[in-house]
Amino acid sequence: CSLQCIILESPLVQIYRNLHSNFQSNFLHNNLSAQHGESNMTKTFQALCTYMAAHSANEVKQGRMSHHRVPDLLAKGQELM
């Protein structure tokens with residue numbers, strides 16, 4: 001190969017290397033994503049327990065209304081049988 005050929009191919013080799021490097025970092029990610037620490041749900045569960053205790057969420061109370069209706073699909077299925 002002549003000097004002219006080497007001068008022409010040199011930038012092409014660098015472009016190829018750059019493209020290959022970009023491909024690896026953009027598509028393979030190479031463990032570049034942020035890692036999160038262990039989640040500590042203690043405060044969340046404590047707040048939930050406090051709310052449930054204050055509002056008696058697990059106790060049946062006469063006259064308490066709900067904003068949502070949950071159909072009894074088991075009974076509906078048994079009727080169809």
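In this text the structure is predicted, and so the values were computed from the model without any measurement.

1. Some remarks on the confidence of the model for the protein
- Confidence in the prediction of the protein, expressed as mean pLDDT, is 80, and 83% of residues score 70 or more.
- Ranking the helices and strands of the protein by mean pLDDT puts helix α2 (residues 42–55) first, with 91, and helix α1 (residues 3–28) last, with 77.

2. Here's the deal with unusual backbone geometry
- Phi angles above zero are rare outside glycine, and Ser-56 is one such case at about 50 degrees.
- By relative accessible area, which is 14% here, Ser-56 ends up buried.

3. Here's the deal with the environment of Asp-72
- Relative to the helices and strands, Asp-72 is located in the loop between α2 and α3 (73–80).
- The exposed category is assigned to Asp-72, whose relative accessible area is 53%.

4. Quick notes on a nonpolar patch on the surface
- Taken together, the side chains of Leu-12, Ile-15 and Leu-19 present a nonpolar region at the surface, about 300 Å² in accessible area.
- The residue Ile-15 is located in helix α1 in this model.
- On the basis of relative accessible area, Ile-15 is assigned to the partly exposed category, the value being 47%.

5. Examining the side chain of Ser-56
- Mapped onto the secondary structure, Ser-56 falls in the loop between α2 and α3.
- Setting aside residues up to four positions removed in sequence, Ser-56 forms contacts with Lys-61 and Arg-64.

So, how was this worked out
Residues numbered from 1 in each chain as written. Predicted model: local features only at pLDDT ≥ 70, side-chain atom pairs only at ≥ 80, totals over all residues. Heavy atoms only, no water. pLDDT = per-residue confidence, 0-100. Helix = DSSP H or I, 4+ residues; strand = E, 2+ residues; numbered from the N terminus. Buried < 20%, exposed > 50% of the residue type's maximum accessible area, 1.4 Å probe, protein only. Patch = residues over 30% accessible without salt bridge, like charges linked within 9 Å, V, L, I, M, F, W, Y side chains within 5 Å. Areas by Shrake-Rupley, 256 points an atom, 1.4 Å probe, with all protein chains shown as cover. Salt bridge = Lys/Arg side-chain N within 4 Å of Asp/Glu carboxyl O. Contact = heavy atoms within 4.5 Å.

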